[in-house]
Number of protein chains: 2
Amino acid sequence: MSITRELKCYMDLIDDYLKTSMDHKNSYQKKIYEAMEYSLFTGGKRLRPIIALKAYEIFDANLEKILPFAAAIEMIHTYSLIHDDLPSMDDDDFRRGKPTNHKVFGEAMAILTGDGLLNLAFETMLNYTINNSHSIDEYKCYVRAMEEISIYSGTNGMIGGQVLDVLGGFENMDELKLIYMYRTKTAGLIQASLVSGAIIGGANDEYIEKLRKFGLNLGLAYQIKDDILDYAEDESINKMTYLKYFDLNTCKEEVEILSKKAMDILDSFNGIDIDFFKDLTKFLINRNE
Amino acid sequence: MSITRELKCYMDLIDDYLKTSMDHKNSYQKKIYEAMEYSLFTGGKRLRPIIALKAYEIFDANLEKILPFAAAIEMIHTYSLIHDDLPSMDDDDFRRGKPTNHKVFGEAMAILTGDGLLNLAFETMLNYTINNSHSIDEYKCYVRAMEEISIYSGTNGMIGGQVLDVLGGFENMDELKLIYMYRTKTAGLIQASLVSGAIIGGANDEYIEKLRKFGLNLGLAYQIKDDILDYAEDESINKMTYLKYFDLNTCKEEVEILSKKAMDILDSFNGIDIDFFKDLTKFLINRNE
């Protein structure tokens, strides 16, 4: 199966699960669920939850267990986009070709919709955990996975990175800060997906840490590749990117170095089928849009 | 010990714990922690975490276990106030006599500060759970408590109530909606505090459900009492309150009925020392400010 077709199959699995998570108890909640669904189903690539599923699948075949956690990561990713797009943040009117959440539902609702998705992420994982843990080991796995996700999405993770972005401005930014931002804002949720997938799949610590490191390299390579694509589209782009500090060739080299590191980690998975992540790395690094 | 003095002792316990939760890993996170601390330590009464501690104490004396959960509830309460005060929501410049978070740190930071506190609430509880569960029963308690908190704070709880408030306006509001708003926005986190305290304290389901019901009655009585106090201060107040639907006497009667119900539930705790909650109910219902 080609990687694009494989990605599509996993996407459908995740979309189906996300739809079942959108259950509301009474008519008073109709509007917030409508607003959450609007942003959850606007053509996201589901990259993070797919990564969680595939990381899980390295160690266990029964995908049911990982779905609530993968869905939660997508909810967290979506809430962060809704809040990032707000007028006081990036002030974006469109995302993926459609009006942003606050353009459709208003600013107050967009804030609450983001809050709602972040909260629902934990609610979904906790509800699954309480109803599906039959041994102390199961509890341990699920709680550990939730804790990893909460750290990567929190003030020492994604939110921390977003704060730098907001406060940064060009004058306050430097290379180290930019890399910290990429680690937390981009690589973090990819790492959260890999690590939570591996933990719930029953991986041992050695493999969990390998995947964590792989995720960091992949995430950084992915982000710098993104910068290169943005630059190719518009050289005068007025955004803080890697290209503000390095020339195009250095950036391309950096992507190569990072993806080589990512691939080397995958090569160390002796005898374990890790081809999907090799294909994914090549796919993300060689993409043209 | 008088109830005000007792409340002060518990407040100090919670404040100390909250301070230790404000640990950040590196200098890049300084600003968000500063903004979170600003709102966490602006003279809040700590009503909800105190209720969690006291509910826990009915069943177990070692308060250490309940502190992370009580602190998390206070973080959730604080984040909701920060977001409620935003220009696109209630647009408040002051809270407890001090400039609101967005007045000091700007709107973008205030949104992220709220996000950060909500996330940190779960991070704090999950971290405690993973490090302090030695049996399946402990995991079960902590996860069940977290799930209760997540439901009361979520789209079917506090956020759901806030959505009604935002969308409501006078024309779209009715008595039933108003009561739903009071249940979710005010009573909800009080119930979450009681229920999580009882669960972690090891209460059986009968007592957990009694405390849940007590919390609903106390929360509603507290909110209507609030409406009466607001009205006493300014009769022309242009806010959606119970007094828009009922006259002053009916409101006062309603507070009496609800607090009577709350007291009756407490009376059914045969032989268990529940005096604090009796005193608290009287204190909240008879307060003049």
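All of the points below concern the structure found in this document. Since the model is a prediction, treat every value here as computed from it, not as a measurement.

## Remarks on empty space enclosed by the protein
For the structure on display, the rule yields two cavities of 30 Å³ or more. In this structure, the largest cavity spans a volume of roughly 130 Å³. Among the secondary structure elements, those contributing two or more residues to the lining of the largest cavity are α2 (30-40), α4 (67-85), β2 (98-99) and α5 (101-105) of chain B. Here the lining of the largest cavity gets four residues from one element, more than from any other, and that element is α4(B). For the lining of the largest cavity, a count of residues per class yields four nonpolar, six polar and four charged. Residue assignment for the lining of the second largest cavity shows that the elements contributing at least two residues are α2 (30-40), α4 (67-85) and β2 (98-99) of chain A.

## Quick look at the interface of chain A and chain B
On the side of chain B, 55 residues touch chain A, which itself brings 56 residues to the contact. Both faces combined, the contact of chain A with chain B buries some 5,000 Å², and carbon together with sulfur accounts for 70% of it. If you look at where chain A meets chain B, you find zero salt bridges. Summed over the shared surface of chain A and chain B, the result is 15 residue pairs in polar contact (both at pLDDT 80 or more). Where the side of chain A that touches chain B is concerned, the elements lending two or more residues are α2, α4, α6 (107-132), α7 (136-153), α8 (158-172) and α9 (175-201) of chain A.

## Quick notes on the pattern of salt bridges
Opposite charge on two side chains permits them to pair, given that their charged atoms come into close proximity. A full pass over the atoms with the stated rule returns 36 salt bridges over all chains. The partner of A:E74 in a salt bridge is A:R46, with the nearest N and O atoms 2.8 Å apart. Residue A:E74 is found in helix α4, and its partner A:R46 is found in the loop between α2 and α3 (47-59); the two are separated by 28 residues along the sequence. You can call A:E74 buried: its relative accessible area is 2%. Salt-bridge contacts for B:K185 lead to B:D165; the nearest nitrogen and oxygen are separated by 3.0 Å. Here B:K185, found in helix α9 (residues 175-201), pairs with B:D165, found in helix α8 (residues 158-172); they are 20 residues apart in sequence, far enough to count as distant. Residue B:K185 is classed as partly exposed on the basis of its relative accessible area, which comes to 24%. In the salt-bridge network here, residues are joined through shared partners; they are A:E6, A:K54 and A:E57.

## Concerning the packing of aromatic side chains
For the coordinates displayed, the defined rule picks out 24 aromatic pairs over all chains. Geometrically, the ring pair formed by A:F59 and A:Y207 is tilted, given 6.0 Å between the ring centres and 50° between the ring planes. One end of the pair, A:F59, is in helix α3; the other, A:Y207, is in helix α10 (residues 205-233), with 148 residues separating them in the sequence. Take A:F59: its relative accessible area is 24%, and that puts it in the partly exposed class. Using a relative accessible area of 16% as the deciding quantity, one classes A:Y207 as buried. For the ring pair A:Y139 and B:Y139, a centre distance of 5.8 Å and an interplane angle of 15° mean the geometry is stacked. Taken as a pair, A:Y139 in helix α7 and B:Y139 in helix α7 (residues 136-153) lie in two separate chains rather than in one. Each member of the pair A:Y139 and B:Y139 is classed as buried. Through a chain of ring-to-ring contacts, three or more aromatic side chains come together here, namely A:F59, A:Y207 and A:F269. Sitting over the ring of A:F269, A:K210 keeps its end group 5.6 Å from the ring centre.

## Section: the relation of the copies chain A and chain B
Take chain A, turn it by 180°, move it 0.0 Å along the axis, and it overlays chain B with an RMSD of 0.0 Å. What the superposition gives is, in effect, a two-fold axis relating one chain to the other. Measuring from the rotation axis to each C-alpha of chain A, the shortest distance belongs to A:I136, at 2.4 Å. Comparing interface residues between copies, 98% of those in chain A also sit at the interface in chain B, which points to an isologous, same-surface contact.

## Let's talk about the nonpolar core
By size, the foremost hydrophobic cluster in this structure holds 167 residues, and its most contacted members are A:F69, A:F277, B:F69 and B:F277. For this core, the leading source of residues is helix α6 (residues 107-132) of chain B, giving 14 residues.

## Brief notes about the environment of A:E138
Of note, A:E138 is situated in helix α7. With near-sequence residues (within four places) excluded, A:E138 lies in contact with A:K65, A:N132 and A:S133.

## Here's the deal with the side chain of A:E148
Residue and element names in this part refer to chain A. Structurally, the position occupied by E148 is in helix α7. Judged by relative accessible area, which is 13%, E148 ranks as buried. Every residue in contact with E148, bar those within four places of it in the chain, is listed here: V195, I199 and R212.

Rules used throughout
- Residues numbered from 1 in each chain as written.
- Chains lettered and ligands numbered in written order.
- Predicted model: local features only at pLDDT ≥ 70, side-chain atom pairs only at ≥ 80, totals over all residues.
- Heavy atoms only, no water.
- 1 Å grid on protein atoms, 1.4 Å probe; cavity = no way out; pocket = protein on both sides within 12 Å on 5 of 7 lines; lining within 4 Å.
- Points joined across faces, edges and corners; volume = space filled by probe spheres on them.
- Helix = DSSP H or I, 4+ residues; strand = E, 2+ residues; numbered from the N terminus.
- Nonpolar A, V, L, I, M, F, W, Y, C, P; charged D, E, K, R; others polar.
- Contact = heavy atoms within 4.5 Å.
- Buried area = accessible area lost by both parts, 1.4 Å probe.
- Salt bridge = Lys/Arg side-chain N within 4 Å of Asp/Glu carboxyl O.
- Polar contact = N/O pair within 3.5 Å; in protein donor to acceptor, adjacent residues only side chain to side chain.
- Buried < 20%, exposed > 50% of the residue type's maximum accessible area, 1.4 Å probe, protein only.
- Phe/Tyr/Trp six-rings, centres within 6.5 Å; stacked < 30°, edge-to-face > 60°.
- Lys NZ or Arg CZ within 6 Å of the ring centre and 35° of its normal.
- Least-squares fit on C-alpha atoms with pLDDT ≥ 70 in both.
- Core = buried A, V, L, I, M, F, W, Y, C linked by side-chain atoms within 4.5 Å.

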